[in-house]
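Coordinate inspection notes
Listed below, chain by chain, are the residues.
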Amino acid sequence: MIWLGVASAACAAAGLVIIFEIIRPFRDLAKDGPLAMISWSVGAVIGVSCFFGPQRSVALALSALLLNLLPLAVCLALLYLLGHSNFGWH
């Protein structure tokens, strides 16, 4: 089950690579942003499933879960703040 933790960390890395536009599949952040969020969500689900495996590494599962949840939470908070902004400061 250690390979699930590595796959979860790979999802986190893939999301970061997409959101920082190192790899640009669609060359548009309106399409690449949700793709990165999907990658982090899948990685978080895989990270949670790592806790229930027979041969689990708790440290790897926890770190992979945090690597996915942290950027997902930041991205969701940014979307929330931008959605409730009137851009009066601009």
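You'll find the structure just up there.
Structure report, in brief. (Residues numbered from 1 in each chain as written. Predicted model: local features only at pLDDT ≥ 70, side-chain atom pairs only at ≥ 80, totals over all residues. Heavy atoms only, no water.)

A word on the side chain of Ser 8. With respect to the helices and strands, Ser 8 occurs in helix α1 (residues 2-19). For Ser 8, a relative accessible area of 0% puts it in the buried group. A polar contact of 2.8 Å, which involves the side chain of Ser 8, links it to the side chain of Asn 68. (Helix = DSSP H or I, 4+ residues; strand = E, 2+ residues; numbered from the N terminus. Buried < 20%, exposed > 50% of the residue type's maximum accessible area, 1.4 Å probe, protein only. Polar contact = N/O pair within 3.5 Å; in protein donor to acceptor, adjacent residues only side chain to side chain.)

Take the packing of helix α2 (residues 29-50) against helix α3 (residues 58-83) next. Relative orientation of the contacting elements α2 and α3 amounts to 145 degrees, with a least axis distance of 8 Å. With respect to the hand of their crossing, α2 and α3 are arranged in left-handed fashion. Listed contacts from α3 to Met 37, Ser 39, Trp 40, Ser 41, Gly 43, Ala 44, Gly 47, Val 48 and Cys 50 of α2 are Ala 61, Leu 65, Asn 68, Leu 69, Pro 71, Leu 72, Cys 75, Leu 76 and Leu 79. A class-by-class count of the residues in the contact of α2 with α3 yields 13 nonpolar, five polar and no charged. (Axes fitted to C-alpha atoms, helices over the stretch in contact; angles between N-to-C directions. Left-handed = near helix turned anticlockwise from the far one by under 90°. Contact = heavy atoms within 4.5 Å. Nonpolar A, V, L, I, M, F, W, Y, C, P; charged D, E, K, R; others polar.)

Once that is clear, we can look at a nonpolar patch on the surface. Taken together, the side chains of Leu 16, Phe 20, Ile 22 and Ile 23 define a hydrophobic patch exposed on the protein surface, amounting to about 450 Å² of accessible area. For Ile 22, the location among the structural elements is in the loop between α1 and α2. Here Ile 22 falls in the exposed class, since its relative accessible area comes to 66%. (Patch = residues over 30% accessible without salt bridge, like charges linked within 9 Å, V, L, I, M, F, W, Y side chains within 5 Å. Areas by Shrake-Rupley, 256 points an atom, 1.4 Å probe, with all protein chains shown as cover. Salt bridge = Lys/Arg side-chain N within 4 Å of Asp/Glu carboxyl O.)

Look at α2: 31 Å from first C-alpha to last across 22 residues, which is about the 32 Å you get at 1.5 Å a residue. Listing the buried residues of α2 in full gives Asp 32, Gly 33, Ala 36, Met 37, Ser 39, Trp 40, Gly 43, Ala 44, Ile 46, Gly 47 and Cys 50. Contacts from the buried residues of α2 go to α1 and α3. (Expected span 1.5 Å × (residues − 1).)

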